[in-house]
Protein chains: 2
Amino acid sequence: MAVGSEMLTPFRQDTNSLYLTEQLNEVGINVAFKTVVGDNRQHLTSVARAALERSDLITFIGGLGPTEDDLTRESVAEALGVELKRDHDMVAAMYKRFAERRISMPENNAKQADILKGAEVLRNSRGTAPGQWFQRVRNGKLQIVLLLPGPPHELKAMWERDVAPQLQSVAPPAAIATRVIKTAMLPESAADARTAPIYRKYPDIETTVLAGQGQVEFHLQATAATKAEAEDAIANLSGELEDELGDAVFSTTGESLEEIVGYYLQMRGAKLAVAESCTGGMVAERITSDAGSSRYFVGGAVVYSNELKTLFADIPPLMIEAHGAVSKEVALALAENIREICNANIGLGITGIAGPGGGSEEKPVGLVYIAVTNGRKHEVVERRFPGDRERIRRWASQQGLDMVRRLMM
Amino acid sequence: MAVGSEMLTPFRQDTNSLYLTEQLNEVGINVAFKTVVGDNRQHLTSVARAALERSDLITFIGGLGPTEDDLTRESVAEALGVELKRDHDMVAAMYKRFAERRISMPENNAKQADILKGAEVLRNSRGTAPGQWFQRVRNGKLQIVLLLPGPPHELKAMWERDVAPQLQSVAPPAAIATRVIKTAMLPESAADARTAPIYRKYPDIETTVLAGQGQVEFHLQATAATKAEAEDAIANLSGELEDELGDAVFSTTGESLEEIVGYYLQMRGAKLAVAESCTGGMVAERITSDAGSSRYFVGGAVVYSNELKTLFADIPPLMIEAHGAVSKEVALALAENIREICNANIGLGITGIAGPGGGSEEKPVGLVYIAVTNGRKHEVVERRFPGDRERIRRWASQQGLDMVRRLMM
């Protein structure tokens, strides 16, 4: 539960929750709900009540400062039906801290020492607002309520020093294992139709299917009594899915498609050159996003105009006249010529219509030709990608990278 | 309300909510709660019930696809106590769409046509899952429930075409005005130190300063009784900030830096060519992300290896030997030669060390040389950018684009 009106503006994201989710998963705790609420007593109390109804562990992040706006303590106390007690030792320590800095303490600072009755105080080594650990037995089960500071560096320090070790000792001895299976160029609905009968056989493993622009990912998460058991369960499902999906799978250990292409190129001792028209450098940018890509990527040309297709990739103007710049012939010539010119082992050529303008009935927006060659064998495909300019370019770069991968398999 | 188990992992953030908040503010609607919930029927129904208790407008984003995991329709129907009806015309249209692409439609696709009884269907121009607009009178007030698709490009298209106009007609007549002032290559701390005395004079305007990789943005938001009043307040503060920031400001109306560079190039009737080493195509990719960039961008070369610097940008091997590939001399020669070779008006050259490897004491990671020329005057700068590989490349591309902008001012 993130508390703060700034996260209800268009400009600020709740980023603490990603850190916290990772930390909770580490000790075998699943996150089922995330809520963002503003600095409003009524709203805060209402979401606190709802959370207390449904969860065994609730973390409130933020709203623990000294200002009028900081209402987490009061609201959680109300929702829990528990009193707040001011810790006078803590107030004294605050006065002392301010005095040491030769400034007088604003009165409202003292409210940071208001502690839920029965809660344990969590010292804040990087700020003034202390955290609180409250627990109770509810419906025969332990329920834990944590109040934690919002600034990420304060939150992390408190979590690592006090919260994580203590949670580990009370959390059920469960363990979570995760795996991500990434595939290239499978249609989403087909991917799901083929895999649903498999992952449904494993109801205890949570399978999430994510898709976008030529990439379908299967995120698997298993909870079990031990890490080993969870890993076993994941390995079984993952094995079945990989068998079904075959060589569309390019990674099960987190790599991006461009990283995998890089591995293959290095493994084969091969160098890649690219000639891109409609993708405008996106393939090169993706490849070079990996450190060390200079070992397998020489570079290439962004041949956005017809003149540059001729100048850098030696495409005969007559070929463009005869077939159009967006054609199978030009794509293949781009791949073949850039390979030779750059003295590379593999050449990739892409030409297409990314839109939104420039399409015709014969050659509509989304039409892209992609060619790859290693000098002995070549492949050239025609695709009609859906979506807007950005998505078409992303699809095309994905298809290009995948063709390079397949050429080397 | 964002629906999707992937957003309860440490890997995915709910980014749609920022866009949606901005859009809702536009029509004078404040966001009071944001919730993320997984693809779990019981959880979804429970948060839907809570939301229906407390809000006048509830948007459910995601979970409308064809897979087993997509449970938003069923859960919202249950929470509302309203039936789902399958729209058979819509199913027929889906079959047709699949047939046109010569693929057979998976059966489970049809569930996307399940509509809340009484809801209006919102057509999805960029995908298959339609949205839904459901409204009812509850406690004497209008309550609106929207089901919208999760993929951002589908969500945006649907919002702009159907949802925004319809909301405008039912929303209360409070008004919010916003403006974003974007600057290039200002240090963040200096930007804030210079502007804080100004925006603090306007306590009624919420000012958020966002910074990243060579771009500092000032997001202003004013709420007033009328749109005109809110706009006036914004205009005053914006004017003062623009005076202070001078020509570091490149946009106050939403454009990206690459769009602004495109405007300038078109205005001057000039064409740009680029030769990129460490940015690996990122500048070309950014420029060509704008439709119509073929009018002012001819292309260029990704000269990742020394050989390609010579081959495509005519850099003498002796110059590389004498000064190193990462040097002022090579950057300037890249800009000058690519301009001439490509017959462009303006040439941009970038060479640097993006890391994490490849640095030395003399030439550390982050060192980048960037040069720009129009044939009469040129500029070349040396920068040491902070951060990791991705950030250094982003900084460098930003600096390059900003230098092209300034050359044309």
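Because the structure is predicted, anything quoted here is derived from the model rather than measured.

What counts as what
Residues numbered from 1 in each chain as written. Chains lettered and ligands numbered in written order. Predicted model: local features only at pLDDT ≥ 70, side-chain atom pairs only at ≥ 80, totals over all residues. Heavy atoms only, no water. Phe/Tyr/Trp six-rings, centres within 6.5 Å; stacked < 30°, edge-to-face > 60°. Helix = DSSP H or I, 4+ residues; strand = E, 2+ residues; numbered from the N terminus. Buried < 20%, exposed > 50% of the residue type's maximum accessible area, 1.4 Å probe, protein only. Lys NZ or Arg CZ within 6 Å of the ring centre and 35° of its normal. Pairing = 2+ DSSP bridges. Axes fitted to C-alpha atoms, helices over the stretch in contact; angles between N-to-C directions. Salt bridge = Lys/Arg side-chain N within 4 Å of Asp/Glu carboxyl O. Contact = heavy atoms within 4.5 Å. Buried area = accessible area lost by both parts, 1.4 Å probe. Polar contact = N/O pair within 3.5 Å; in protein donor to acceptor, adjacent residues only side chain to side chain. Parallel < 35°, antiparallel > 145°, perpendicular 65-115°, else oblique. Left-handed = near helix turned anticlockwise from the far one by under 90°. Nonpolar A, V, L, I, M, F, W, Y, C, P; charged D, E, K, R; others polar.

Draft legend 1. Just the packing of aromatic side chains, in detail. Under the defined criterion, the tally for this structure stands at 5 aromatic pairs over all chains. Ring geometry for Tyr304(A) and Phe297(B): centres 5.9 Å apart, planes at 55°, overall tilted. Pair noted here: Tyr304(A) is in the loop between strand 14 (297-303) and helix 10 (306-313) and Phe297(B) is in strand 14 (residues 297-303), and the two residues belong to different chains. The residues Tyr304(A) and Phe297(B) share a single accessibility class, namely buried. Between Phe385(A) and Trp395(A), the aromatic rings sit 5.5 Å apart at their centres with planes inclined by 15°, giving stacked as the arrangement. Of this pair, Phe385(A) sits in the loop between strand 17 (378-384) and helix 13 (389-407) while Trp395(A) sits in helix 13; the two residues are 10 residues apart in sequence, bridging distant segments of the chain. You'll find Phe385(A) and Trp395(A) in the same group, each marked buried. Across from the ring centre of Phe33(A), 4.0 Å away, lies the NZ or CZ of Arg54(A), which sits over that ring. Against the face of Tyr19(A) rests Lys156(A), its NZ or CZ located 5.1 Å from the ring centre.

Draft legend 2. Inspection of the sheet that holds strand 12 (residues 249-251) of chain B at higher detail. Residues and elements named next belong to chain B. With respect to topology, 4 strands assemble into an open sheet ordered 10-11-9-12, the strand pairing being antiparallel. Both outer strands of the open sheet, strand 10 (205-212) and strand 12, are each paired with one neighbouring strand and no more. Strand-to-strand twist across the sheet, computed as the mean angle between neighbouring axes with direction ignored, equals 30°. Here strand 9 (residues 175-184) runs beside strand 12; their pairing, made up of 2 bridges, is antiparallel.

Draft legend 3. Structural context of the pattern of salt bridges. Going through the model one piece at a time under the given rule, you end up with 32 salt bridges over all chains. With its nearest N and O atoms 2.9 Å apart, the salt bridge here joins Asp402(A) to Arg405(A). Taken together, the residues span about one helical turn, with Asp402(A) and Arg405(A) both in helix 13 at a distance of 3 residues. The exposure class of Arg405(A) is buried, given its relative accessible area of 1%. Linking Arg406(B) and Asp247(B) is a salt bridge whose minimum nitrogen-to-oxygen distance equals 3.2 Å. Pair noted here: Arg406(B) is in helix 13 (residues 389-407) and Asp247(B) is in the loop between helix 7 (227-245) and strand 12, with a separation of 159 residues, a long-range link. Its relative accessible area of 32% is what places Arg406(B) among the partly exposed residues.

Draft legend 4. Molecular detail of the interface of chain B and chain A. Of the residues lining the interface, 76 residues belong to chain B; the matching set on chain A comes to 71 residues. Of the roughly 5900 Å² buried at the junction of chain B and chain A (both faces included), carbon and sulfur atoms supply 60%. The tally of links between chain B and chain A comes to 4 salt bridges. Of the charged contacts in the structure, one is a salt bridge between Arg393(B) and Glu285(A), with a shortest N-O distance of 3.0 Å. For the pair chain B and chain A, the interface holds 26 residue pairs in polar contact (both at pLDDT 80 or more). No other element matches strand 14 of chain B, which puts 7 residues into the side of chain B that touches chain A.

Draft legend 5. Focus on the side chain of Ser293(B). With respect to the secondary-structure elements, Ser293(B) resides in the loop between helix 9 (282-288) and strand 14. Residue classification places Ser293(B) among the buried residues on the basis of a relative accessible area of 1%. Only 3.3 Å separates the side chain of Ser293(B) from the side chain of Tyr304(A), close enough to count as a polar contact. With near-sequence residues (within four places) excluded, Ser293(B) lies in contact with Tyr304(A), Arg389(A), Ile287(B) and Thr288(B).

Draft legend 6. Here's a closer look at the sheet that holds strand 10 (residues 205-212) of chain A. Residue and element names in this part refer to chain A. In space, the 4 strands of this open sheet follow the order 10-11-9-12, with antiparallel pairing throughout. Of all strands in the sheet, those with a lone pairing partner are strand 10 and strand 12 (249-251), marking the two edges. Across the sheet, the mean angle from the axis of one strand to that of its neighbour is 30°, orientation sign disregarded.

Draft legend 7. Summary view of the packing of helix 1 (residues 16-26) of chain A against helix 5 (residues 152-170) of chain A. Residues and elements named next belong to chain A. Contact geometry of helix 1 with helix 5 gives a least axis separation of 12 Å together with a crossing angle of 15°. By the angle class used here, helix 1 and helix 5 are roughly parallel. When the axes of helix 1 and helix 5 are compared, the crossing they make is right-handed. For the pair helix 1 and helix 5, the contacting residues are Asn-16, Tyr-19, Leu-20, Gln-23 and Leu-24 in the first and Pro-152, Leu-155, Lys-156, Trp-159, Glu-160 and Leu-167 in the second. Of the residues assigned to the contact of helix 1 with helix 5, the class counts are 7 nonpolar, 2 polar and 2 charged.

Draft legend 8. The pairing of strand 16 (residues 367-373) of chain A, seen in detail. Residue and element names in this part refer to chain A. A large share of strand 16 lies buried, amounting to 7 of its 7 residues. Burial along strand 16 is two-sided: the residues Leu-367, Tyr-369, Ala-371 and Thr-373 and Val-368, Ile-370 and Val-372 are all buried. With 6 bridges connecting them, strand 15 (residues 346-352) and strand 16 associate as antiparallel partners. Looking across to strand 16, one finds that Gly-349 is bridged to Ala-371. Direction of pairing for strand 16 relative to strand 17: antiparallel, over a ladder of 7 bridges. Among the inter-strand pairings, Val-368 is bridged to a residue of strand 17, identified as Arg-383.

None of this, on its own, says anything about what the molecule does.
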